[in-house]
Every structure is written in structure tokens, then in C-alpha cells.
Amino acid sequence: MPDTMLASPAEEFPPTEYHVRVGGRGEAVEILNFNLWYGSKQALFDNTLSIQAGLVTALIGPSGCGKSTLLRSLNRMNDLIDGLRISGTIKVEGEDIYAPGADVIAIRKRMGMVFQKPNPFPMSIFENVAYPLRVDGVRDKAFVQETVERSLRGAALWDEVKDRLHENALGLSGGQQQRLCIARAIAGSPEVLLMDEPCSALDPIATAKIEELIDELRGQFTIVIVTHNMQQAARVSDNTAFMYLGRLVEYGDTDTIFTKPKSPRTQDYITGRFG
């Protein structure tokens, strides 16, 4: 089910004054006045934020606040839901991805996606990583082999699987499967890497490895991560956006959000008063 709480339009919600434009780098993604409806029910309300290139941005908030819905809007995955309607703009590297005639398949290729539960394909480790290249019609064996190795190294998995590349990926542990999914996502050289609670199904040791990997990938990719774990957001992200009832409440650098938030609602959430 989509991560969204359907808020009543009549619900009193003070205008947000805490949308800040974090500075210092160019923007990879620009979201402007973005709204989304499932049928007659509005799920996202006037969200505006800029996501900086090469950094890790965390989306946090209580269950059902719309953070996964916003994440999936970045690669138009929500298009698959009946009755979807949107307004506003999302630009990736300056291109409006919801413009009439936009190539949705090409947009999704620009966005690597990692889901809550590892979802390796029932094929070999090698073919899992090579899959994006196969789909694009790449037949150069040397290039494919080079890309698979580079992606597995990038996902900190190469040393663990280099001698079993042709074994079924389903034989890997859960943490290894998730790193394999990250390798598959980066094999297609995406501009943005989207992660929807990538550690929620993993044990603490596997979670630590994924967090280390995110840190290693910082700068190589623009990463947007949805997490229910505030400690994780504080550890891995450069910038943090707090969402509530489908609205962006506050956005800024992570240290400020967690130590000196401007919104009382943000303060209440990060101190555990609700959520």
C-alpha cells in the first residue's frame, strides 16, 4: 500500500514557514508546489524542496505521512495507481518529468530504485547486475563484465561474491541481497538513487553495512532515502526533510533539523512526543 495518510482538506494545518533552500551545491531535483491525489483524496499538499546533487537527503516522518509517496513520485512509479492525479512540477537536472510527452521509461532509467525488501531476480548474481545493460541492448561482453565488477565493488559486495557470480542470487543472505539490488541499481549509471526504507527488513549488522555503503556512494550519486529510523537519518544524511500529513513541514541540513529545528512540530517528532 502507498505510504500516505489521507488528510482532510478541512483539517487545520498552519502554513509552513520552514521550507529552506539549502545552499552550496547545484540541485539535482527540484520539487515545486507538488500535489498528488488518489481519486478524490489528496495525499500530498504543496510540497516544495530542492535536492542537492551528490548529497544524501533523508525523508522522515510518522508512518503514513506521504514520504514514500513523494519518493515514488520522483520516478513516476505512482503512475501505476488508478485514479492518480498531480499538480505542480518536479524537475530532474532541469527536465520536467511530468511534462506532456515525457518519456516515462527514460525517466525511470535515470532513477535507480531500492525497495524495503530485497528483490533480487531469480537468476545468477552476475545476471542480476547485468540486467539493466541487457534491457538497454548492450552486447559488448567486456563492457558488461567490467560494469558488473565495478557495480559490485561499488556496492561493497565484490569480495564476497566474486567466486560465485554464476550462483543463484536467491542464495545470498538478506543483507547481501540488498547490496546486490544496490549494485543492480547503480549498474545503469542513474543520476539519482532512490531508497525506500532499504534497511527495514535487515538485521543490525546488515543495516550497518548498508549505511556504510550509502556513505561510500555519497558524491557519486544523488541519494534520496526514506527512513522511519531517525537515528539512521541523522547518521547517513546531509539534509533532512520532515513530513507530516502529506506536507513538508521543515527542510534543511541534518544537524540543524536534529539539534535546532525551527518548527515545534519537528521538535515534537524528533523528541518522540508523537510518531
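Data block above holds the structure.
Since we're looking at a predicted model, the values are computed, not measured.

Enquirer: Describe in detail helix H3 (residues 125-135), supporting the description with residues and values.
Expert: Among the residues making up H3, those that are buried are Ile125, Phe126, Asn128, Val129, Ala130, Pro132 and Leu133. Tucked inside the fold, the buried residues of H3 contact helix H4 (141-154), helix H5 (158-161) and helix H6 (174-187). Of the residues flanking the end of H3, it is Gly137, one or two places downstream, whose phi is positive at about 80 degrees.

Enquirer: Tell me what's going on with the nonpolar core, and back it up with residues and numbers.
Expert: In this structure, Leu152, Leu180, Ile182, Leu193, Met195, Ile214 and Ile223 are the most contacted members of the largest nonpolar core, which totals 46 residues. Beyond its immediate chain neighbours, meaning those up to four positions away, Ile214 contacts Val56, Met195, Ile223, Ile225 and Val236. If you look at the next biggest cluster of nonpolar residues, it comprises 30 residues, including Leu44, Ile51, Val226 and Leu248.

Enquirer: Break down the pattern of salt bridges for me, citing the residues and quoting the values.
Expert: Summed over the entire model, instances satisfying the criterion amount to 14 salt bridges. Of the charged contacts in the structure, one is a salt bridge between Glu160 and Arg179, with a shortest N-O distance of 2.8 Å. Of the two residues, Glu160 sits in helix H5 while Arg179 sits in helix H6, which places them 19 residues apart along the sequence. When its relative accessible area of 31% is taken as the criterion, Glu160 is described as partly exposed. Taken together, the shared-partner salt bridges in this structure form one network comprising Glu95, Arg110 and Glu191.

Conventions used here
Residues numbered from 1 in each chain as written. Predicted model: local features only at pLDDT ≥ 70, side-chain atom pairs only at ≥ 80, totals over all residues. Heavy atoms only, no water. Buried < 20%, exposed > 50% of the residue type's maximum accessible area, 1.4 Å probe, protein only. Helix = DSSP H or I, 4+ residues; strand = E, 2+ residues; numbered from the N terminus. Contact = heavy atoms within 4.5 Å. Core = buried A, V, L, I, M, F, W, Y, C linked by side-chain atoms within 4.5 Å. Salt bridge = Lys/Arg side-chain N within 4 Å of Asp/Glu carboxyl O.

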